[in-house]
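One letter stands for each residue in the lines below.
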Amino acid sequence: MNANKQAKVNVVKEISDKFNASKSVVVAKYAGLTVSEFQDLRKQMAAKDVEIKVYKNRLVKIAAKEAGFEELNNSLTGANVFAFGMSDDISPAKVLAEFAKNHKVVELVAGTFEGKVIDAQGV
């Protein structure tokens, strides 16, 4: 297996592991945020034990299917950020929703909660 393909396999495993280890996941559009605004979002997330990461949608779709969240794939278009709630299931949605109030380019798309895929209203 070439190095590029192996790197992608490793990323898919990383995402799948995060889906399985986290209490909830929130997917949000973030295109239009400045670097400093995104860093501010990262700080707010870290304070609540939420891991936030940008992945390629194609790799997330593979990992979501492996983790049993294939329904999430319909929501994965455009530039997305993924917030993984490691210690509590409400923090990712709460922090992102609060952040979106002051940053209109951030839009909640979908997520997972209690082992099920939820839409933007559910988040």
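Before any of the text, the structure's been laid out above.
Right, let's walk through the structure included here. (Residues numbered from 1 in each chain as written. Predicted model: local features only at pLDDT ≥ 70, side-chain atom pairs only at ≥ 80, totals over all residues. Heavy atoms only, no water.)

**Quick notes on the sheet that holds strand 5 (residues 116-119)**
No. 1: The strand order across the open sheet built from 5 strands is 2-3-1-4-5, with neighbouring strands paired in antiparallel fashion. For this open sheet the edge positions go to strand 2 (50-53) and strand 5, each flanked by a neighbour on one side alone. Put simply, the sheet's adjacent strands are angled 20° from each other on average, direction ignored.
No. 2: Bridge count for strand 4 (residues 107-113) against strand 5 is 4 bridges, and the pairing is antiparallel. (Pairing = 2+ DSSP bridges. Helix = DSSP H or I, 4+ residues; strand = E, 2+ residues; numbered from the N terminus. Axes fitted to C-alpha atoms, helices over the stretch in contact; angles between N-to-C directions.)

**Notes on the nonpolar core**
No. 1: Membership of the largest hydrophobic core comes to 18 residues, with the highest contact counts inside it found for I15, F19, V27, Y55, V60 and F82.
No. 2: Only helix 1 (3-21), strand 1 (24-29), helix 3 (57-67), strand 3 (80-85) and strand 4 provide two or more residues apiece to this core.
No. 3: The element that contributes the greatest number of residues to this core is helix 3, accounting for 5 residues.
No. 4: In this structure, V27 is in contact with L72, L76, N80, V81, F82, E107, L108, V109, A110 and G111, ignoring residues within four places of it in sequence.
No. 5: Core analysis: the second largest hydrophobic core is formed by 17 residues, A28, L33, F38 and L41 among them. (Core = buried A, V, L, I, M, F, W, Y, C linked by side-chain atoms within 4.5 Å. Buried < 20%, exposed > 50% of the residue type's maximum accessible area, 1.4 Å probe, protein only. Contact = heavy atoms within 4.5 Å.)

**Here we look at the packing of helix 1 against helix 3**
No. 1: Look at helix 1 against helix 3: their axes get within 8 Å of each other, and the N-to-C directions meet at 50°. Regarding the angle of helix 1 to helix 3, the classification is oblique. Of the two elements, helix 1 crosses helix 3, and the hand of that crossing is right-handed. Facing helix 1, whose interface residues are K8, V11, V12, I15, S16, F19 and N20, helix 3 presents R58, L59, V60, I62, A63, A64, E66 and A67.
No. 2: Residue composition of the contact of helix 1 with helix 3, grouped by class: 10 nonpolar, 2 polar and 3 charged. (Parallel < 35°, antiparallel > 145°, perpendicular 65-115°, else oblique. Left-handed = near helix turned anticlockwise from the far one by under 90°. Nonpolar A, V, L, I, M, F, W, Y, C, P; charged D, E, K, R; others polar.)

Everything listed is a geometric property; what it means functionally is a separate question.
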